[in-house]
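Each chain, letter by letter, is given below.
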Amino acid sequence: MIEKFKKGGWFLLSGSCAVAIDYSTFLIINFTTSSPPWLSKLFSYLAGTIFSFIFNGKLTFDSSIDRKRLRRHLLLYSFSLLMNILVLQIFIVGNISFIHDDRTTGFLIATLASMTINYVGMSTWVFANRKQDAE
C-alpha cells in the first residue's frame, strides 16, 4: 500500500515538472512565433515526454531504461499526444473556455486526459513489474 502512494507521489511530481516544461515551452513557442497552437503543443509535449521517460523510469517505477521500454513509452506517448492535440483543438475550434481563454482551458483539460492515459499505460505496460515482463 505504501509503495502505491510512493509511486503516486513520484508520478505527481514528475507530472508537475513535465507539465511545467510542457506549458512553458508551449507559451514560448505559441506566443513568440506564428506557429499554430497544435504545432506549439507538439514540440512542448515532446519536451515533457523526454523528461517523463527518464524521471518515471528511474524514480516512479524503479525500472531499467532500455530500448523495449523506450519503444513502448514512445508508442504510449504518441497515442497520448494525439489525444492531447485533439482535445486542445476541440476547445480552440469550439471557443470553449472555463478558465481564462480557450487555449488555457484546452491545455489544462488535454493535460489531465494525457496524464491519465500515461499513468495507466506506464504502470501496466511500459514499466510493468518483472512478473509482467516475463509473460
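Each remark here, short or long, concerns the structure printed above.
In this report, the structure presented in the accompanying data block is examined. Per-chain numbering applies: the sequence of each chain, read as written, is numbered from 1 onward. Owing to the predicted nature of the model, reporting of local features is limited to residues with pLDDT of at least 70; listing and counting of side-chain atom pairs is limited to 80 or more, with chain, interface and lining totals taken over all residues. Excluding hydrogens and water, the side-chain values take into account all heavy atoms of the structure.

This brings us to the packing of helix α3 (residues 67-93) against helix α4 (residues 102-126). Helix axes use the C-alpha atoms of the stretch in contact, all axes being lines fitted to C-alpha atoms, and the angles between their N-to-C directions lie in the range 0 to 180 degrees. Runs of H or I in DSSP of at least four residues are treated as helices and runs of E of at least two as strands, each being numbered from the N terminus. Axis separation between α3 and α4 bottoms out at 8 Å; the angle between their running directions is 155°. With respect to each other, α3 and α4 are oriented roughly antiparallel. Crossing angle aside, the handedness with which α3 passes α4 is right-handed. Convention used here: angles under 35 degrees read as roughly parallel, angles over 145 as roughly antiparallel, angles from 65 to 115 as roughly perpendicular, and any remaining angle as oblique. Each crossing is labelled by how the near helix is turned from the far one, with a counterclockwise turn of less than a right angle marking it left-handed and a clockwise turn marking it right-handed.

With that settled, consider the packing of aromatic side chains. Put simply, two rings from Phe, Tyr or Trp (the six-membered ring, in Trp's case) pair if the centres are within 6.5 Å, and we call them stacked under 30 degrees between planes, edge-to-face over 60, tilted for the rest. Applying the stated criterion to the full structure yields nine aromatic pairs. By the ring-pair criterion, three or more aromatic residues cluster together here, those being Phe 11, Phe 53, Phe 61, Tyr 119 and Phe 127.

This part is about empty space enclosed by the protein. A pocket here means an open set of points on a 1 Å grid, computed over the protein atoms alone, that has protein on both sides within 12 Å along at least five of seven lines. A cavity is instead a set of points where a 1.4 Å probe fits but cannot get out; residues with an atom within 4 Å of a point line either one. Grid points are joined across faces, edges and corners, and a volume is the space filled by probe spheres set on the points. Per the stated rule, a full pass over the model turns up one cavity of 30 Å³ or more. Put simply, the largest cavity is a space of about 180 Å³. Residue assignment for the lining of the largest cavity shows that the elements contributing at least two residues are α1 (2-32), α2 (37-60), α3 and α4. Ranked by residue count, the leading element in the lining of the largest cavity is α1, at six residues. Class assignment of the residues belonging to the lining of the largest cavity gives a composition of seven nonpolar, 10 polar and one charged. In this count, Pro and Cys sit with the nonpolar residues alongside Ala, Val, Leu, Ile, Met, Phe, Trp and Tyr, while Asp, Glu, Lys and Arg are called charged and the others, Gly among them, polar.

Note on placement: Leu 108 falls in helix α4. Think of it in three bands: with a 1.4 Å probe and only protein chains considered, a residue is buried below 20% of the maximum accessible area for its type, exposed above 50%, and partly exposed in between. Of the residues examined, Leu 108 reaches a relative accessible area of 37% and is grouped as partly exposed.

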